[in-house]
Amino acid sequence: MRIFKQGLLSLFISLKSFFYLSYPLLQALCLLGFSVGVLMIISPSLTQGYSEEVMILFSLTSLYLFLLKQYYIHVIAWADQRKNNIITVDFK
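Calculation criteria
Residues numbered from 1 in each chain as written. Predicted model: local features only at pLDDT ≥ 70, side-chain atom pairs only at ≥ 80, totals over all residues. Heavy atoms only, no water. UniProt positions renumbered as here; feature names shortened; annotations may be inferred. Helix = DSSP H or I, 4+ residues; strand = E, 2+ residues; numbered from the N terminus. Axes fitted to C-alpha atoms, helices over the stretch in contact; angles between N-to-C directions. Left-handed = near helix turned anticlockwise from the far one by under 90°. Contact = heavy atoms within 4.5 Å. Nonpolar A, V, L, I, M, F, W, Y, C, P; charged D, E, K, R; others polar. Buried < 20%, exposed > 50% of the residue type's maximum accessible area, 1.4 Å probe, protein only. Arc of directions from axis to C-beta. Core = buried A, V, L, I, M, F, W, Y, C linked by side-chain atoms within 4.5 Å.

Student: Even after reading the chapter, I still don't get the UniProt feature "transmembrane region" (unreviewed entry) in the protein chain, so can you show me in this structure?
Tutor: In this structure's numbering, the residues bearing the UniProt feature "transmembrane region" (unreviewed entry) are residues 20-42 and 54-73. This span, residues 20-42, is 96% helix and 0% strand, and a straight line between its end C-alpha atoms measures 35 Å.

Take a look at the structure:
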């Protein structure tokens, strides 16, 4: 369990720059993908069968990214095994 926590802490510390740089762009990409799925629903083409799958895929990806950002600090605090948790993360 200790090795798992150390690996998780290393991974989440390296994700800090991801939240500053890529997170807004990936959320915008998910919004674009969801709107493509909506357009596929109203289009009279053969792709209507896949529109629900496209919308669900991009919705779940967006939800995953949102939850990852919300619980990021909590996971770091849980994985930090030092006695005094001095890791501070600020997402402004």
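Student: I'm lost on the packing of helix 1 (residues 2-14) against helix 5 (residues 72-79) in this one. Help?
Tutor: Two measures define how a pair of helices packs: the angle their axes make with one another and the distance between the axes. Between helix 1 and helix 5, the least distance of the axes is 9 Å, while the angle of their chain directions is 140°. For the pair helix 1 and helix 5, the sense of crossing is left-handed. Residues Phe4, Lys5, Leu8, Leu9, Phe12 and Ile13 of helix 1 touch helix 5, and the partners they reach there are Tyr72, Val75, Ile76, Trp78 and Ala79. Residues of the contact of helix 1 with helix 5, tallied by class, amount to 10 nonpolar, no polar and one charged.

Student: Looking at this model, I keep getting lost on helix 5. Mind explaining?
Tutor: Because the α-helix completes a turn every 3.6 residues, residues three or four places apart line up on one side. Inspection of helix 5 places Tyr72, Ile76 and Ala79 among the buried residues, and these make up the whole buried set. For helix 5, the arc enclosing every buried residue in end-on projection is 70°, short of the 170-degree limit, so these residues lie on one face. As for helix 5, its buried residues are in contact with helix 1, helix 2 (16-21) and helix 4 (48-70).

Student: What should I look at first to understand the nonpolar core in this one?
Tutor: Note on soluble globular proteins: their nonpolar side chains tend to be buried together. Ranked by size, the top nonpolar core spans 12 residues in total: Leu8, Leu9, Phe12, Phe18, Phe19, Tyr23, Cys30, Leu65, Leu68, Tyr72, Ile76 and Ala79. Secondary-structure elements contributing two or more residues to this core are helix 1, helix 2, helix 3 (23-42), helix 4 and helix 5.

Student: Help me out: how do you make sense of the side chain of Lys5 in this one?
Tutor: With respect to the helices and strands, the residue Lys5 is situated in helix 1. Leave out the neighbours within four places in its chain, and Lys5 touches Trp78, Ala79 and Gln81.

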